[in-house]
Amino acid sequence: MVKQLGPSSENTKSAILDLIRSSGVVSRIELVEMSGLTAASITRVVKSLIESGLVIETGFGDSTGGKRPTLLELNTSARYAVGIALDDARLTYVATDLGGRIVGRLVSRGIEKLSPAVVIARVADELATFLRDLQIDVHDVVGVGLAGAGLDIRNHAERASLDAEEWENFAVQEALESASGLAVMRENDAASAALGQFWVGRIPATQDFAALYMASGFGCGIVARGSLARGASSNVGEIGHMVVDVNGPDCWCGSRGCLEMLAAPRSVVAKAMLIPGLRESLGLVGDEASVRHDFAAIGRAAAQGNEASIELIEASAGYIGKALLSVVNLLDLDRVYLAGPGFEEAGAIYLRVIRHEVQQFARTRTIHDVAVLMSDPALDSAAVGAATVALQHVLTPHQRFSRG
Amino acid sequence: MGARTGHYGETMSGVGLVVTGDVLTEDRYIGSLVHALGDSLAEAGTRLLARVANGLEAEADIYHFWHAAGGMDAVALLGVTKDDPRVRLLRRLGTPFAAVADSSRVEGFSAVVVDNAAMVGEIRRFLATRGYSRAIYVTGFEESDTANIRAAAFGGDDDVEVVRAERSVRAAVEAAVEALREDTAAVIFDTDIAAAAALEAFAEVGKSVPDEVAVLSWTDSLLCQTSVPPITALDRRAADTGSLLARCLLETLSSNQPIVLNAPLPTVVSRESA
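Keep in mind that this is a model prediction, so the values were computed, not measured.

Asks: Looking at this structure, I do not really get the interface of chain B and chain A. What am I missing?
Replies: A common measure of how large an interface is: the accessible area buried when the components associate. Of the residues lining the interface, 25 residues belong to chain B; the matching set on chain A comes to 26 residues. The set of elements that each furnish at least two residues to the side of chain B that touches chain A consists of α1 (23-26), α2 (28-43), β2 (48-52), α3 (56-69) and α9 (222-226) of chain B. Take the side of chain B that touches chain A: its biggest share by element is 6 residues, from α2(B). In the side of chain B that touches chain A, the residues fall into 12 nonpolar, 10 polar and 3 charged. Alignment of strand β6 (residues 102-109) of chain A against β2(B), held across 4 bridges, turns out to be antiparallel. Within the sheet, the bridge partner assigned to A:Leu106 lies in β2(B) and is B:Leu49.

Structure below.
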């Protein structure tokens, strides 16, 4: 792989750092070959990376005739990144080292119905304590990624549960930056989950993939050539409004038969409430505030073999499978991930049905396989991905992005 | 908990947990248990801090630091061993703690008790219904206390052979292939990852699952449920155990005396691999 690099020294530095990171252990000569830069440039850049503590020398490689080359690797414990996932039910904080390895995790109460100002003040407090308890110096934190806050919570489902209008009008990023003194980057859940999968899953940058995220609604993060697809307004991945039934029910977005109306937890619960006896046997409440709880009960029952619940989950999964099939066909993907708290209880059923839909009908099935994989919900992919956003900010500023 | 009043930012404390290496992401039992522990504590208005450390010394340093910095109301301990030095240290520091521990390892401290001997019994009963001529339990070397407890329980009778392998998936699978001979056998692995890898390895050497060789996992997970064929596994009720540990910690703090709760009994989830 030859990466042609421009002359800008900041960009060159971060690009070389990224090459070292993705190579694991590498020599200066190999960096010359991979980057297309001169040996003198590489020597200069590596010297400055070593001086800033980001890269260390770790020994000697095999000789190819002359002096044995010194090997370089990322000094993973030189800096840390923090990812925070804001959610109704819980706040999750994850600290990772530069290699994306988790060094600590904090779980605390969800944001419930509290106002953004109150939540952000609390997050700043918890963040300071989190770093103290991990014995991480705040100066060694490269940044904080924030998943699931503000503008990104814009679909109907989240709006209902999080009072998103209030969040939309609140400058989350700025507020947390001034309260914590750290650089804060914001990203939506699905995009964070996709990035987290890319980084932690050590997926090669040559492999494009998508991550479908299910919480109250849907999102889809698409990673192409190692970067997140961003679109015209950073609103890529509104898969919840892909039409999967042209004659389907009206959607709040103005269209009809959208995935969200047919497959989201709210719609599964609404269908369950209409099945005689199911409401009582599963203890479903059926109101807006209980969607998550009710959906979890249906998912658990399905996982334990309750037939009515299995049918409901399979129907939801079938629509998701159709939507993902279109994504796979459009982008010629060979890998998609399912992620998010929506898969916590009935993940195996979702995976089976979606896998079947995608693999049976993918247009490219005779050319290559399409892997449909589940990102384990206990892995907190959104929080890990948010930390990744902060990591990429320092490690790969040549791909730095800004929200539209 | 304790001084907590429900107002944010007043008392910045909670429960601390030290885990080794990649256990949170690699061990589905621990991952799911810790997830449930965190959710239950958050629901009760407190928080869970999990911190990664490698080695007992690093772990001890963290307990000393938390004690000095006043950061934690209590500590959650996983995988308590015989004469566990961590138990001695936390007692000396006066740090309240509660553990998840095998019934043979609980000594006067708060704990959610898991019964490995009962789990072995459960697996034995399941195997008795299947009629394989041999049963092989593939586990780690002596330094793993849990492996020792299970191996001892299995080794009680001569009907289960215990094979020790390095604690790596590859070594476990190689040991299993090695131990197989011409007769039919059921092979039990500690982890879902090893069990899933074994499915592939057995296919490669031409052993059909489950006709010639059965595969069982001591850890149930999504991987077991979605492997081809799906893997029969022991459901150790990780999430329930995590919620119980939260209760145990909260009650220990409010009552100031040891609380012992029993983890729900595990069951074998029968799928196609055995």
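Resuming the write-up.
Asks: Looking at this structure, how should I read helix α4 (residues 116-133) of chain A?
Replies: Residues separated by three or four positions in an α-helix point in the same direction, a consequence of the helix having 3.6 residues per turn. Over its 18 residues, α4(A) extends 25 Å from the first C-alpha to the last, a length consistent with the 26 Å expected when each residue adds 1.5 Å. Trailing α4(A) by a residue or two, A:Gln135 shows a phi angle of about 55°, which is positive.

Asks: Would you mind going over the sheet that holds β2(B) with me for this structure?
Replies: Sheet strands associate in pairs through backbone hydrogen bonding, adopting either a parallel or an antiparallel arrangement. Spatially, the 11 strands line up as an open sheet ordered β8(A)-β7(A)-β4(A)-β5(A)-β6(A)-β2(B)-β1(B)-β3(B)-β4(B)-β5(B)-β11(B), and their pairing is mixed. Single-partner strands in this sheet number two, and they are β8 (184-187) of chain A together with β11 (260-262) of chain B. Recorded for the sheet is a direction-independent mean angle of 20° between the axes of neighbouring strands. As paired strands, strand β3 (residues 74-78) of chain B and strand β4 (residues 97-102) of chain B are joined by 4 bridges and run parallel to one another. Looking at the pairing, B:Ala76 lines up with B:Ala98 of β4(B). The sheet strands contacting helix α15 (residues 381-395) of chain A are β4 (80-85), β5 (90-97), β6, β7 (141-147) and β8 of chain A, and the helix crosses β7(A) at an angle near 135°.

Asks: It is not clear to me how the packing of α4(A) against helix α7 (residues 172-180) of chain A should be interpreted in this structure. Could you clarify?
Replies: Angle between the axes and distance between the axes are the two parameters that describe a pair of packed helices. Residue and element names in this part refer to chain A. Two elements in contact, α4 and α7, have axes whose closest approach is 9 Å; the angle formed by their N-to-C orientations is 40°. Considering the angle they form, α4 stands oblique to α7. The interaxial crossing formed by α4 with α7 has right-handed handedness. Note on element contacts: α7 touches α4 through Val172, Ala175, Leu176, Ala179 and Ser180, opposite Pro116, Ile120, Ala121, Val123, Ala124 and Leu127. Grouping the constituent residues of the contact of α4 with α7 by class yields 10 nonpolar, 1 polar and no charged.

Asks: Help me understand the environment of A:Leu228 in this model?
Replies: Residue and element names in this part refer to chain A. Checked against the element boundaries, leucine 228 lands in strand β11 (residues 227-228). Considering only alpha carbons, one finds leucine 228 and alanine 191, 37 residues apart in sequence, at a separation of 7.2 Å. Apart from the residues within four sequence positions on either side, leucine 228 is in contact with Ala191, Ala194, Leu195, Gly221 and Val223.

Definitions and limits used
- Residues numbered from 1 in each chain as written.
- Chains lettered and ligands numbered in written order.
- Predicted model: local features only at pLDDT ≥ 70, side-chain atom pairs only at ≥ 80, totals over all residues.
- Contact = placed C-beta atoms within 7 Å.
- Helix = DSSP H or I, 4+ residues; strand = E, 2+ residues; numbered from the N terminus.
- Nonpolar A, V, L, I, M, F, W, Y, C, P; charged D, E, K, R; others polar.
- Pairing = 2+ DSSP bridges.
- Expected span 1.5 Å × (residues − 1).
- Axes fitted to C-alpha atoms, helices over the stretch in contact; angles between N-to-C directions.
- Parallel < 35°, antiparallel > 145°, perpendicular 65-115°, else oblique.
- Left-handed = near helix turned anticlockwise from the far one by under 90°.

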